[in-house]
Structures are given as structure tokens and as C-alpha cells.
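The chain contents come next:
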Amino acid sequence: MKFHWFLPTNGDSRQLVGGGHGLTRDHGHRGGLREPDIEYLAQVARSAEQLGFEAVLTPTGTWCEDAWLVTAALTRETERLKFLVAFRPGFLSPTLAAQMAATYQRMSRGRLLLNVVTGGEDAEQRRFGDHLSHDERYTRTDEFLGIVRGAWSGTPYDFKGEHYHVDGATVSIPPDPLPRIYFGGSSPAAGPVAARHVDVYLTWGEPPAQVAGKIAWMRELAAAEGRELRFGIRLHVISRDTDAAAWAEAERLLSAIDPADIARARTVLGRSSSVGQQRMLALQAGFDGGDVRSLEIHPGLWAGVGLVRGGAGTALVGSHARVAELVEEYASLGVEEFVLSGYPHLEEAYWFGEGVLPRFTR
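Computed from a predicted model, the values in this text were never measured in an experiment.

Engineer: Teacher, can you tell me more about the overall build of the protein chain here?
Structural biologist: Looking only at helices and strands, one finds 13 helices and 13 strands in the protein chain. A burial count over the protein chain gives 56% of its 362 residues as buried. Pairs at least 24 residues apart make up 74% of the contacts formed inside the protein chain by residues separated by at least 6 positions. The centroid of the 37 positive side-chain charges in the protein chain is displaced by 2 Å from the centroid of its 45 negative side-chain charges.

Engineer: Which parts of the structure should I look at to understand the packing of helix H1 (residues 38-51) against helix H2 (residues 67-74)?
Structural biologist: The geometry of a pair of packed helices is captured by two quantities: the angle between their axes and the separation between those axes. It is the contact of H1 with H2, at a shortest axis distance of 10 Å, that shows an interaxial angle of 65 degrees. For the element pair H1 / H2, the angle class is roughly perpendicular. Handedness of the crossing formed by H1 with H2: right-handed. Across the interface between the two elements, Ile38, Leu41, Ala42 and Ala45 of H1 pack against Val70, Ala73 and Leu74 of H2.

Engineer: Could you clarify how one ought to interpret helix H6 (residues 190-197) in this entry?
Structural biologist: Structurally, the α-helix is built with 3.6 residues per turn, so residues lying three or four positions apart point the same way. Within H6, six of the eight residues are buried, leaving the element largely enclosed by the surrounding structure. Residues of H6 that are buried include every one of Ala190, Gly191, Val193, Ala194, Ala195 and His197, and no others.

Engineer: Just to check I follow, could you spell out the layout of surface pockets for this structure?
Structural biologist: Unfilled space is identified by rolling a water-sized probe across the atoms. Reported here for the largest pocket is a volume of approximately 270 Å³. Contributing to the lining of the largest pocket are 16 residues, with Thr60, Asp66, Trp68, Phe91 and Phe128 lying nearest its centre. Counting only elements with at least two residues in the lining of the largest pocket, the list comes to H2 and strand S3 (82-87). For the lining of the largest pocket, the per-class residue count stands at ten nonpolar, three polar and three charged.

Engineer: Even after reading the chapter, I still don't get the packing of helix H5 (residues 134-151) against H6, so can you show me in this structure?
Structural biologist: Packing of H5 against H6 brings their axes to within 9 Å, and their N-to-C directions diverge by 5 degrees. Considering the angle they form, H5 stands roughly parallel to H6. Every residue of H6 that contacts H5 at Tyr138, Thr141, Asp142, Leu145, Gly146 and Arg149 is listed here: Ala190, Val193, Arg196 and His197. A breakdown of the residues in the contact of H5 with H6 according to their chemical character gives four nonpolar, three polar and three charged.

Engineer: Can you help me understand the packing of aromatic side chains in this one?
Structural biologist: Aromatic ring pairs are defined here through the distance separating the ring centres and the angle between the ring planes. Tallying each qualifying case throughout the model produces eleven aromatic pairs. For the pair Trp68 and Phe87, a centre-to-centre distance of 5.7 Å together with 55 degrees between the ring planes defines the contact as tilted. Linking Trp68 in helix H2 with Phe87 in strand S3, this pair joins segments that are 19 residues apart in sequence. The buried category is assigned to Phe87, whose relative accessible area is 5%. These aromatic residues form a ring-pair network of at least three members: Phe3, Trp5, Phe53, Phe338, Phe352 and Phe360. Over the ring of Trp247 we find Arg293; its NZ or CZ atom is 4.0 Å from the centre of that ring. A cation sits over an aromatic face here: Arg309 above Phe6, 5.7 Å from the ring centre.

Parameters at a glance
- Residues numbered from 1 in each chain as written.
- Predicted model: local features only at pLDDT ≥ 70, side-chain atom pairs only at ≥ 80, totals over all residues.
- Heavy atoms only, no water.
- Helix = DSSP H or I, 4+ residues; strand = E, 2+ residues; numbered from the N terminus.
- Buried < 20%, exposed > 50% of the residue type's maximum accessible area, 1.4 Å probe, protein only.
- Contact = heavy atoms within 4.5 Å.
- Lys, Arg positive; Asp, Glu negative; His and termini not counted.
- Charge placed at Lys NZ, Arg CZ, Asp CG, Glu CD.
- Axes fitted to C-alpha atoms, helices over the stretch in contact; angles between N-to-C directions.
- Parallel < 35°, antiparallel > 145°, perpendicular 65-115°, else oblique.
- Left-handed = near helix turned anticlockwise from the far one by under 90°.
- 1 Å grid on protein atoms, 1.4 Å probe; cavity = no way out; pocket = protein on both sides within 12 Å on 5 of 7 lines; lining within 4 Å.
- Points joined across faces, edges and corners; volume = space filled by probe spheres on them.
- Nonpolar A, V, L, I, M, F, W, Y, C, P; charged D, E, K, R; others polar.
- Phe/Tyr/Trp six-rings, centres within 6.5 Å; stacked < 30°, edge-to-face > 60°.
- Lys NZ or Arg CZ within 6 Å of the ring centre and 35° of its normal.

Geometry only, nothing functional implied.
Here it is, written out as C-alpha cells:
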């Protein structure tokens, strides 16, 4: 199994920080914001490396610092840590993306991973000049990834499709090794794209039964393409010495959220065309407005983070032993990579990195 951490380029806090998928980073936050300056992000990255995480995911979107620029700077602050750089394929040419990745891979000595984000909330897509519909964006991603892999092949690549027309796409030297491509998407339009092009299919932290269904779906699609995929999951974590201490921390995070922020976030996220986002929102259906356990959607799986945060909205909550059991439960379904985070990201990296990670890396 591989374990990765998260680089909070939209700011960090001892409270839940919103942001992503159309939300500003201020939703759900009341004071004490840690600005995402290079010194703090370097501290998080160095800690993740020291604790034994393989990589850090760096998000993309209006409310984040640019993932390519930040992580390129952090390659000089670390030695082994890899950087899972999220980017949206519609916002740059595929040949340029192939060139950027090849350069990054050489300069970092092989520490680049790529997280392809086809799209977010429609208003944010339009902010960047992208007016394609949900399904059209996946068609474009399909073409984009085909060109990127063609440009890395060492032979000039020609392609003419609905969204791109390139003649002789190539890079000066193909990246070695090729960056692993990570990709998430829950819609019927997303699955075939992942099956054809990606190395690791990522799902947000749904209950195990739902994750098992997604894995079965993607395995069938990949088999039809003559391919096999690795599977990963994106989760938050609240891991403590005891279950009681972990749930007390979840209660503290919940009690600090203004109900008006929850209502505002639900309105914004409810307009999202992302199928995955709608699945996250559905997990909050049992929330009664106060009881932290009303958001426990599977033993030890808590949907409270998604009240104010777009995207991944669930957390593993419990003692270190209990969290390890949950990791093993997902692993038994075929999940091999865990992309984790917690508030604040510096301290929570140590809680998981010292309490849980050694159980899997000895």
C-alpha cells in the first residue's frame, strides 16, 4: 500500500477550512487561518517526508496557489517526497502539459505524479473560460490524455479530434519514469476515460460497499480495454490514542462551524454538475444539526468535513488501531493507495504518521 498526504495550498487551520469546487476558502472558517506561504507549506512537506508518506497531493482551483509552481519550489525543500500535482486539462495544451511534466520529472529526479481533474463546479470552469458541458469535458480529457501519452512515446504523434488537432506532438526527452496518472470521476462519462488512460483510479471516501461497487465498475471497463488499474481513495483522518479522544476532536470541529456556512455551502455545492459531489452531499442526509454521530455513515467514517468543504468530505475517525482497521477494510476491497489529510495538516500528519503509518510500513 502507498500512503500520501495533502498540501493545503488554500490555507490551513485548527478548524475546518472550506474551498474547492466553487467554495471560497473562508466557508466554515472562523479565525486562525494559516496562510499557505512557502515556509508553512515546506514545513508540511518536510514533515510528510520525514514521517514516511510517499507523496503529497496539491489541489487545483481558484482558491489554491498554483500546484505546478508551489511544488516545483518544494522539490528544493525535500529529497524523496513525490508531488501529486492536480491540474485541469482544459486549461493548457496537451503538448505543453507533456513538456512541463517531462521537464518537472527531470528536474525533480522522478518525483512527479499527475492528478487529472476534468472539471469542478460550472461557474468556476467558466471563470477560466471553459464553457463545455460536463460530458464534453470528459471527451476533451480523453483526447488530451491520448496526446500526452503520444508526446511521451518518443515518436512524433499526430491527432485530430473534436477538441484538439496536433501534428507531431513530442517532447525533447520522454520523462523517465513516466509520471503515474491519477484520475477520479463517478459519472458514466468518466469511467471509460479512466479505463483507457490512467494508472490509478481515485474515489472519494464513500462507505466500503459503495467503494466496492465503483471498483467492480472500473475493473470491468478497464478489462474491456485490455488494461488493469490501481485504486486509491481520498479521505481525511482524525486519529488519536483513543476512540473517545478522536470523536471529541470531531465534535470540536463540528461545534465551530456556523450553521449559516453549512447552508451556504450546501446551496453552492448543490448546483455542482459533479456526480461525485452529489454523492458526497447525499452522505450528509442523516445530519440532525447537532449530534456529531449523526454524520457517522459507516463505523468510523464521518461525513462532517463535507458540510463546508467541496470535494472529499469524509474522515476516518477513531483510535490509531481503529483507523488502521478501516484502512485494512478498504484495502481488502482492492484499494492500494490512500491520499489523506486532516486539520491542521501539520499536526494531523504526525497523529497519523506516528500512530497509524508504522503499522503498515515496518
